[in-house]
Each structure stands twice: as C-alpha cells, then as structure tokens.
Number of protein chains: 2
Amino acid sequence: MEKKDQLLSINIPESHKPRVVIVGGGFGGIHLLSGLKDDFQIVLIDRYNYHTFQPLLYQVATAGLEPDSVAEPFRKMIGRNRDVCFRMVKVDRVDPEAQHIYTTAGSLSYDYLVIATGSQTNFFDNPNIAKNAFPLKQVTHALDLRSHIFQQFEKSEMIADEQVRKRLMTFVVVGAGPTGVEISGALAELKNHILPHDYPQLDVNRMRIFLVEGLERVLPAMSAVSGGRTQKYLERMGVEIILSDLILDYDGKTVRLRNGGEIETDTLIWAAGVNGNLPDGFGEKSIFRGKLAVSETCQVYRDQKTRDVFNNVFAIGDVASMSAEDGKGTLPGLAQVAIQQGRQLAANLLRINRGEPVRAFRYRDKGVLATIGRNKAVAEFPGKICLTGWSGWLVWLIVHLWFLIGFRNKAVVFANWVWSYVTYDRGIRLIIRPSTKSTDPVSREMTGEMREDI
Amino acid sequence: MEKKDQLLSINIPESHKPRVVIVGGGFGGIHLLSGLKDDFQIVLIDRYNYHTFQPLLYQVATAGLEPDSVAEPFRKMIGRNRDVCFRMVKVDRVDPEAQHIYTTAGSLSYDYLVIATGSQTNFFDNPNIAKNAFPLKQVTHALDLRSHIFQQFEKSEMIADEQVRKRLMTFVVVGAGPTGVEISGALAELKNHILPHDYPQLDVNRMRIFLVEGLERVLPAMSAVSGGRTQKYLERMGVEIILSDLILDYDGKTVRLRNGGEIETDTLIWAAGVNGNLPDGFGEKSIFRGKLAVSETCQVYRDQKTRDVFNNVFAIGDVASMSAEDGKGTLPGLAQVAIQQGRQLAANLLRINRGEPVRAFRYRDKGVLATIGRNKAVAEFPGKICLTGWSGWLVWLIVHLWFLIGFRNKAVVFANWVWSYVTYDRGIRLIIRPSTKSTDPVSREMTGEMREDI
C-alpha cells in the first residue's frame, strides 16, 4: 500500500471552477456528464475505461453481438475537453463529512460528489450460488457466459455418460424480469436456429431451458396481458417456465428449488435481483434496503428519518433509492430513471452554481420493454398502451439503438441485427477464453488444460 | 485423469470411409479441409473452436479490429456435413507407429494423420523474456496486449514519478519482419492520431517506440529497396529503429541489449521468431530445427537421413520443414506455403485413395507483403516487381480481405477499415480484462484490485 501511495496519485489539475466528481459511468453518470456545461471541472471515475450498454449484454452472451459494440470508451466520449478528467480507478471509500474520496490511486476532494455506481448482482447471501451462478452485469460476465454456453456443447459431443450430457445441455435462468426473459428467449433461438447446424452429432432437441420466477407470473413489473403473452411466446419457443418458486441452493450441478424440485444443470444464469453497488463510508442512516436513500433533489440523506441531507453529495440511478411521487414505494431500477436523474441533476448543479433554487425530480414514465426473440417483444407505455409481437419488437429495436452510445456502435449493432435477421445466423460463437466456472471435474480438467498456455 | 478417461471420449462415429485426422485449424488445416471431398471421414482437432487469421492480430492489439472479426468458428465452416467432426481438445501425444493420437478427451486411431499445428513464439529459451514479453500468436494475446497498451496510458496520467511515466510510455518491438513492422507502425499511428485526443493531460509526444532487429536491416526477408523504404516510413512516423542488435534479457522493466544498450520499458512485444508447435511422440530423427522434417509430399520422415517416411503421417505449414526446390534452405514460414501445402495434400490424399500416384509439392512464390500504416505498405512479387506506398497498401488490403475466412468477417473488417480511414478513429480501445503481465508493483496492485470482482 505504501509503495502505491508513493507512486500513484489521482493527479487532477488545479482549476478555479468548482469540482464535480462523478463515480460511475453508467446511464446516470454519462447523461449527467453530457448535461454539465463548462461551468465545472468534472472528474469521472470508473473501474472500467468504457461505458457498458447493459441492456444488450444478453446478446453478447448468446453470440449475437461483439463485446466491443456494446461498450464505448469514456475518453472517446469526453474528447479533448481539458476540464473533464477520466480516471480508471476504484473508489475504496467516501468521506462525505470531510468532502473526500479515497481511491486505489490516492484521495481527492470535491465540491460536489455524485454516486452513480449502479447495482450489483444480489445472490441473496448464498455463497454457493455466488460462486457457481453466472451474473450478467459486465462485459466480462457476458463473455464468460458465451464461452461457457458453447463449451457445454463441445463437451456434450464428447461425453459418453447420458446423465452428464443431460446436465450439460440444461440451462436454468432465474428471474423472469426483462433480462431473464431476454436471455431465455435468446437461448431458445440458439437452440432452434444455430446449434442444430453446429452440432449435427447431438440431438439438440434435448437441450432444456428453464426460467424460474419467484412471483406468480412472467414479467411481474408489467401488465398481466404482456406477461401472459410473453409466457406464451417463450413456451412456444421451448422454454419451460416455473412460477412461484425460488432457488434455495446450487452446488454447480444441482439446483434445489423451494417447492422441493431439483434440476440438474451446469449452467445457472442469475437475473433475479440487484443490490445497490455502495461505496464504503455511508452510515446506516443513509441506507435504505441496500441503496442510498436520496431526497427528491437526489441529495443523499445524512439521516433519512430526520430528512437531513448532505448538501453536496448526490446519488442517481440504481444505487439511489428515491420515493415515488405517489408515496408508494420507490422508483424502479430502470435505465430511464438513471438517465432522467442524470439530466435533472446536471440542470440542478448548474442552478446551484448560479445561485438559483433547485427543482425536485419528477420521473416521467416512458414505458417498459422486453424482447423475447425474432419479431417478438412486449412494450408498454403510459396510458395502458401495449404493443406485442412485431410492433413491440420494432419499438424495442429503435429504442435500444437510440440509447446506445456512439455512432459507430449504433451502426455496428444495426448491421449485426440486419445480418442475423436475414440469415438466421450468429457470427460470434467463439470461445475466446474458456470459462472455468464449473464444479464438474471433467470440465475443470478440460478447460484447465486448455487454458494452460493462454 | 482416471475420472476424465471414464467420462470424456473423443466419440467419433463409425464410418466405412478412411479417416483423416487433421490436428490444427490454421491456414494449412482449413485449406486441406476444404480441399478434401466426400471420400473421407475427417476429424479436425484444435484447442480453440475457431480459426484465427493471424496476419491481422496486430490490428486487434492496437484497437483497429474487434477480436471476433479475425476469427471464424470451425463449426460454422463445416456446416451440417456428418462426415466432418470437429473436436475442441488438445493433442497430448502422437504414436505414428501405432497409428493413434492421444488427446485430453481420449485416444483416436487414424488412416491418415496431418499435423498442422503451426508455430509458437520462440523466446530463445530465456525464461525472463518468456514471462515478461508479449507474444502475438493468438486472439487472447492480442486482447491482453490491447488492454496492456491502454493501461499504460491510464497509469501514466496518475503517475507522479517522471522516470516511471517514461517507462510506461516506452514500447519496444523485437523483430523487424512483417509482424514487427506492422505492430510498430500501428503503435505510431496510435501515438499520432488517437492518444493525443484521449489523453490531453499527457504529453503524448514523449511516447517512444523502438523496433529492434538482429540483422542489419528492416524486413530482412524482402529486398533492400523495400527494407529501406519501410525504414524511412517508420522513422518518419516516429519509430526509433535499432539494427544489428539483440535482446539479451528483460526483467519486466529494463531491456538489455547485446551491444550494451538498455531501454526502460513496461512493454516488450516479441515478434522475433517462432518454433514449430510440435506434438509429443516424434523422435529426433524426424525433427529438423524444431520442426517436423517432411518429404516433398509432406510426409513426415521417420528418419530424415535415410529418407524413410511414415507413409500416412503428414505435416504442413509452419510446423513442417521442407527443403526448398533449389536445395538451398527450407521453405519460409508464410501463410502461402501452408495454404498451398494444404491444397496440394488434399489433392494427394484423394489420389492415394483412388490408387493414383502422388505429386511432389512445388511452392509457387506469390510475393510478400508488409503494411506500415495508412497508405503505406510494401509488396514484392516474383520477377522483382515491387510496389510501395499507396499501391502496395491497396494490394495489402485486397489480399488480406481475400484470405480472411467468412463473408461476415470480410464485411466487418472492410467496414472497420473504411471507418478508420475516413475518421482517423479506432473504435475499440477498451480494456475489457486488465492485463496483469507486469512486474511493476504499482501496475500489479492497480490491476489486481481492478480484477477482483471481474
């Protein structure tokens, strides 16, 4: 540690402008960044050097898109602006009273601090599941899952034991929200269009895809109509849906369900819930259900009961917990909430800087989308407008291209989608780095030897 | 091992056709594969599930291309042909007398065996260099190097110590063959076009790129004119060239040269030589300078002195050592040699199968190419035809697109090139998985912490 402190420093140039430190470059962070004018010195901090477009990670995991086209380097977005600094470091701790943050490359003071660190997968404190299940929050997760999926089929052709092959060819997705629906739909498309071509020696019909949901229906955050339609689509594509049931445990081979069922599988994909990705340094009085409790101006509460806030510490997006306007519950963990909060906070910081009063955040519901597969999606908009099938799918495509960052990425993703749509092909089924996430001794031995000289 | 042998088997279906086992799906292997007709059962074995287009790996390493577009899945190339099996396993040993190969998934007999395992980086038995230098033979190498290069600049902005920053911003490429020339040219283009935009706080002019060559000129395998022109191009772009000198040692911080010089650098890129990637099981009498000695029909010599061959064991491409037609030396390690040998061997196997006499291999020199950068390349063709500058560059582009496997890859790479050419931009400067190949404690600590939750 000492050596590091000597050599590395976060090294931000002096400036007469007030300093805004943004921790995290997800949807909230980058929309805040682009909304702030030249009135501030801005320091953007992230553990990665790129923004990740999380809604399309499931397509990276299922060989539909290259990892590079759902990510955009921050430095490319920032350009030559000398008042904006990017630092690829990890924030260890925040001290909101002393107005300092502590990172892997030294500490930094701020005039305004914005926590936009998003969420992390919530394995409900089960270490077995955390160890053996696949999360899907980062580009590396998507790449690991892609390698793992295709390794299952490479191994299946070489396995003599029918029982083991069955386990290799079974996939369990937990959580029937949009991510769970999208990944199980994409797996079903692999099964129906790609795998029979690639593995003629295998009976790909034996591949099984389970979608497990704790509540009583698919897409519980959407209407019953959308959920029902989605369930029908998925079942027609071959996904087996288990409702009102929970995963109790998973040792890497067997999923144990609360209702007593068991599923033998080498692949458990976890889309069942998230926690706020909290930095250290906030007391219990600031935290509500694993997120930072914020006022309607996105200020973090020093004490949520007394409504005392840190004047210059803000939280936006998935890491923040803001009461809904109607007082019922909190705002949902959607990209739209983060984007709108980022934009609103930018405007408020400019107002603060000019000595004007800030405005309260009002979430404008722009609808919810989930795609199931080719020509199949559900889209719900305020006023009970609901699109399903082809029209929902078209809306889904347009919205995702619109919010994808970077013209090059938009072009590449669009070209990929056209290509896949016309040819029914997915070009990107490469096992670049074999996954080692498997408790199966066969798999570990095989991939261990594979990796040896990588 | 026992458990694995019980469970995994290479599991090739019975067939009445003679079995050709091809080990390695590089240029030689896939051109052999596509030349063989329905007369054989073919088993293709590779440690990866994709063919790698090695000539463009340097563009992946320097953020010009996505990894996925220089690779093509074998199973996509093979399609539904039931007489062709792909197996993603590693060959441990070959027993040419018993006509068996032994793999990580059990053993397999063959009627004809073709070793097409290519080459591996030759670090001249220096374990320090092997540990600390970056090879560039596989997609994973290119990705590691790409992460490493951009990490150097992320760190440089945070380093207080001027001496350390100098080391971070110095890059040494060893070997001025086509690969060495291409990677140092690409680094110079990063320096001139991308990095000043991305790192406004750094004085990117201080980035130094060295190209070290043991012989007395650049591109020693090409003409003096091409070599001289290339040297001039590179020097104009800012590459510092050191000729007639060798790397003696590299501890991860300091390159020691034979002539007494030392260069402080965190990045040594090794393009200085290759060995045959030999499977175990061949005796010394079959091996010539680290490669399998083969007859002019690509048959591996049981004893190269007596010219006794294994009748049904062949080697092609970089792993094979075949005497040149004029008796002077051996054929060079070029993609064209591998491609032509693969095609010729396919024709010969068909002749053997029909009871016809085989034909000797004759290498047709189709020329040599090396690109330096935008609008700059050298191309030499038989009959002393030599193109440099823009015309050579155009030939280079066309030839590389032509031999790239897969229509989708051709389209993606072409689109990328047009994009980069028009915008001077490289989209793909992402640090997906931080590189940990560094002896610098700062780097290791930083990247170690970065990796912790990946």
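Residues numbered from 1 in each chain as written. Chains lettered and ligands numbered in written order. Predicted model: local features only at pLDDT ≥ 70, side-chain atom pairs only at ≥ 80, totals over all residues. Heavy atoms only, no water.

Re the relation of the copies chain B and chain A
Okay, so step 1: When chain B is fitted to chain A, the best match, at an RMSD of 0.0 Å, comes from turning it 180° and sliding it 0.0 Å along the axis. Both chain copies can therefore be described as sitting about a two-fold axis. Of the C-alpha atoms belonging to chain B, the one lying closest to the rotation axis is found on Glu66 of chain B, 3.8 Å away.
Okay, so step 2: Interface overlap between copies is the fraction of interface residues in one copy that are interface residues in the other; for chain B against chain A it reaches 100%, indicating a shared surface. (Least-squares fit on C-alpha atoms with pLDDT ≥ 70 in both. Contact = heavy atoms within 4.5 Å.)

Considerations on the interface of chain B and chain A
You'll often see interface size given as the accessible area lost when the parts meet.
Okay, so step 1: In this assembly, 76 residues from chain B lie in contact with 76 residues from chain A.
Okay, so step 2: Together, Arg75, Met158 and Arg408 of chain B form the three largest contributors to the area buried by chain B at its contact with chain A, with a combined 10%.
Okay, so step 3: Our count for the chain B to chain A interface comes out at 14 salt bridges.
Okay, so step 4: Here chain B and chain A share 30 residue pairs in polar contact (both at pLDDT 80 or more) between them.
Okay, so step 5: Broken down by secondary-structure element, the contributors of at least two residues to the side of chain B that touches chain A are helix H1 (2-7), strand E4 (71-73), helix H4 (74-78), strand E5 (84-88), helix H6 (139-156), helix H8 (178-198), helix H12 (407-423) and helix H13 (441-451) of chain B. (Buried area = accessible area lost by both parts, 1.4 Å probe. Salt bridge = Lys/Arg side-chain N within 4 Å of Asp/Glu carboxyl O. Polar contact = N/O pair within 3.5 Å; in protein donor to acceptor, adjacent residues only side chain to side chain. Helix = DSSP H or I, 4+ residues; strand = E, 2+ residues; numbered from the N terminus.)

Examining the environment of Arg75 of chain A
Okay, so step 1: Among the secondary structure elements, Arg75 of chain A is positioned in helix H4 (residues 74-78).
Okay, so step 2: By relative accessible area, Arg75 of chain A is classed as buried at 5%.
Okay, so step 3: For the pair Arg75 of chain A and Arg87 of chain A, spaced twelve residues apart in sequence, the C-alpha to C-alpha distance is 9.6 Å.
Okay, so step 4: In this structure, Arg75 of chain A is in contact with Phe86 and Arg87 of chain A together with Glu154, Glu157, His197, Asp198 and Tyr199 of chain B, ignoring residues within four places of it in sequence.
Okay, so step 5: Here the side chain of Arg75 of chain A touches Glu154 of chain B through a polar contact of 2.7 Å, side chain to side chain. (Buried < 20%, exposed > 50% of the residue type's maximum accessible area, 1.4 Å probe, protein only.)

Topic: helix H11 (residues 389-403) of chain A
Since there are 3.6 residues in each turn of an α-helix, residues three or four apart along the chain are aligned in direction.
Okay, so step 1: Taking 1.5 Å of rise per residue, the 15 residues of H11 of chain A would be expected to cover 21 Å, and the 21 Å separating its terminal C-alpha atoms lies within 8% of that figure.
Okay, so step 2: Those residues of H11 of chain A that sit buried are Gly389, Gly392, Trp393, Trp396, Leu397, His400, Leu401 and Phe403 of chain A. (Expected span 1.5 Å × (residues − 1).)

Section: the packing of aromatic side chains
Residue and element names in this part refer to chain A.
Okay, so step 1: Following the criterion strictly, the structure yields 24 aromatic pairs over all chains and no others.
Okay, so step 2: Ring geometry for Phe153 versus Tyr199: centroids 5.7 Å apart, planes at 40°, classification tilted. One end of the pair, Phe153, is in helix H6 (residues 139-156); the other, Tyr199, is in the loop between helix H8 (178-198) and strand E12 (208-212), with 46 residues separating them in the sequence. Of the two residues, Phe153 and Tyr199, neither departs from the other in class, the shared state being buried.
Okay, so step 3: Each residue in the set Phe123, Phe124 and Trp270 is aromatic and connected to the rest through ring pairs, giving one cluster.
Okay, so step 4: Directly above the aromatic system of Tyr421 lies the positively charged group of Arg374, at a separation of 4.3 Å from the ring centroid. (Phe/Tyr/Trp six-rings, centres within 6.5 Å; stacked < 30°, edge-to-face > 60°. Lys NZ or Arg CZ within 6 Å of the ring centre and 35° of its normal.)

Notes on the sheet that holds strand E16 (residues 262-264) of chain A
Across a sheet, strands are paired by hydrogen bonds formed along the backbone, either parallel or antiparallel in direction.
All names here are of chain A.
Okay, so step 1: With antiparallel pairing, the three strands of this open sheet are ordered in space as E14-E15-E16. Edge strands, defined here as strands with exactly one partner in the open sheet, are strand E14 (247-250) and E16. The mean angle between the axes of side-by-side strands here comes to 20°, regardless of whether they run parallel or antiparallel.
Okay, so step 2: In this structure, strand E15 (residues 254-257) lies alongside E16, joined through three bridges in antiparallel fashion. Note that in E16 the partner of Thr254 across the bridge is Glu264. (Pairing = 2+ DSSP bridges. Axes fitted to C-alpha atoms, helices over the stretch in contact; angles between N-to-C directions.)

Points about empty space enclosed by the protein
Okay, so step 1: Across all of its chains, the model carries eight cavities of 30 Å³ or more by this definition.
Okay, so step 2: Surrounding the largest cavity, 14 residues form its lining, Leu143, Ile432 and Arg433 of chain A together with Leu143 and Arg433 of chain B being those nearest its centre.
Okay, so step 3: Of all the elements in the fold, those that place two or more residues in the lining of the largest cavity are H6 of chain A together with H6 of chain B.
Okay, so step 4: For the lining of the largest cavity, the per-class residue count stands at seven nonpolar, two polar and five charged.
Okay, so step 5: Of the pockets and cavities examined, the second largest cavity occupies roughly 100 Å³.
Okay, so step 6: As for the second largest cavity, its lining consists of 13 residues, and the residues nearest its centre are Pro200 of chain A together with Arg75, Asn81, Val84 and Cys85 of chain B. (1 Å grid on protein atoms, 1.4 Å probe; cavity = no way out; pocket = protein on both sides within 12 Å on 5 of 7 lines; lining within 4 Å. Points joined across faces, edges and corners; volume = space filled by probe spheres on them. Nonpolar A, V, L, I, M, F, W, Y, C, P; charged D, E, K, R; others polar.)

Side note on the packing of helix H12 (residues 407-423) of chain A against H12 of chain B
Okay, so step 1: Remark: H12 of chain A packs on H12 of chain B, axes separated minimally by 12 Å, with the N-to-C direction vectors making an angle of 160°. When the interaxial angle is binned, H12 of chain A and H12 of chain B end up roughly antiparallel. As for how H12 of chain A packs across H12 of chain B, the hand of that crossing is right-handed. Contacts from Phe407, Arg408, Asn416 and Trp419 of chain A of H12 of chain A reach H12 of chain B at Phe407, Arg408, Asn416 and Trp419 of chain B.
Okay, so step 2: In the contact of H12 of chain A with H12 of chain B, the residues fall into four nonpolar, two polar and two charged. (Parallel < 35°, antiparallel > 145°, perpendicular 65-115°, else oblique. Left-handed = near helix turned anticlockwise from the far one by under 90°.)

A closer look at the confidence of the model for chain A
All names here are of chain A.
Okay, so step 1: Mean pLDDT over chain A works out to 91, with 94% of the residues at or above the 70 mark.
Okay, so step 2: Predicted confidence is poor over residues 1-5, with pLDDT under 50, and the contacts of this stretch with residues over four places away or in other chains come to five contacts.
Okay, so step 3: Taken together, the stretch residues 444-454 has pLDDT below 50 and engages in 33 contacts with residues farther than four places along the chain or on a different chain.
Okay, so step 4: Model confidence for the complex: the whole-complex pTM is 0.93, and ipTM, which rates the interface, is 0.91. (pLDDT = per-residue confidence, 0-100.)

Structural notes on unusual backbone geometry
Glycine aside, a negative phi is what most residues show, and trans is what most peptide bonds show.
Residues and elements named next belong to chain A.
Okay, so step 1: Positive phi is not limited to glycine here, since Asn11 has a value of about 55°.
Okay, so step 2: For Asn11, the position within the fold is in the loop between helix H1 (2-7) and strand E1 (19-23).
Okay, so step 3: The phi dihedral of Gln99 falls on the positive side, at around 55°, and the residue is not glycine.
Okay, so step 4: We classify Gln99 as partly exposed; its relative accessible area is 30%.

As for the pairing of strand E8 (residues 106-109) of chain B
All names here are of chain B.
Okay, so step 1: Pairing geometry for strand E7 (residues 100-103) and E8, over four bridges, is antiparallel. Pairing of His100 across the sheet is with Ser109, part of E8.
Okay, so step 2: Where E7 folds back on E8, the antiparallel hairpin that results is connected by two residues.

Thoughts on H8 of chain B
Residue and element names in this part refer to chain B.
Okay, so step 1: When the terminal C-alpha atoms of H8 are compared, their 28 Å separation across 21 residues agrees well with the 30 Å that a helix rising 1.5 Å per residue should span.
Okay, so step 2: Of all the bends in H8, the greatest measures close to 45° and is centred on Lys191.
Okay, so step 3: Most of H8 sits inside the fold, with 15 of its 21 residues counted as buried. (Bend = angle between axes of the 7 residues up to and from the residue.)

Some details on the side chain of Lys137 of chain A
All names here are of chain A.
Okay, so step 1: Examined against the element boundaries, Lys137 turns out to sit in the loop between helix H5 (127-132) and H6.
Okay, so step 2: No salt bridge is formed by the buried Lys137; its nearest oppositely charged neighbour, Asp318, is found at 4.6 Å.
Okay, so step 3: If we skip the residues at most four places from it in the chain, Lys137 touches Gln54, Leu57, Ser119, Gln120, Thr121 and Val274. (Lys, Arg positive; Asp, Glu negative; His and termini not counted.)

With respect to the pattern of salt bridges
Residue and element names in this part refer to chain B.
Okay, so step 1: Summed over the entire model, instances satisfying the criterion amount to 42 salt bridges over all chains.
Okay, so step 2: A salt bridge links Arg167 to Asp266; the nearest nitrogen and oxygen atoms lie 3.1 Å apart. You can see Arg167 sitting in helix H7 (residues 162-168) and its partner Asp266 sitting in the loop between strand E16 (262-264) and strand E17 (267-270), a full 99 residues away along the chain. Neither residue differs from the other here; Arg167 and Asp266 are each classed as buried.
Okay, so step 3: Measuring nitrogen to oxygen at the nearest pair gives 3.6 Å for the salt bridge that ties Arg206 to Asp203.
Okay, so step 4: For Arg206, a relative accessible area of 48% translates into the label partly exposed.
Okay, so step 5: Asp203 gets classed as partly exposed once you look at its relative accessible area, which sits at 40%.

Here we look at the pairing of E7 of chain B
Residues and elements named next belong to chain B.
Okay, so step 1: Residue alternation in E7 divides its side chains into a buried set, Ile101 and Thr103, and an unburied set, His100 and Tyr102.
Okay, so step 2: Bridge analysis of strand E6 (residues 91-95) against E7 gives four bridges, and the strand direction is antiparallel. Residue Val91 lies in a different strand from E7, and its bridge partner there is Thr103.
Okay, so step 3: If you look at the hairpin formed by E6 and E7, you'll find four residues sitting between the two strands, and Gln99 has a positive phi there, around 55°.

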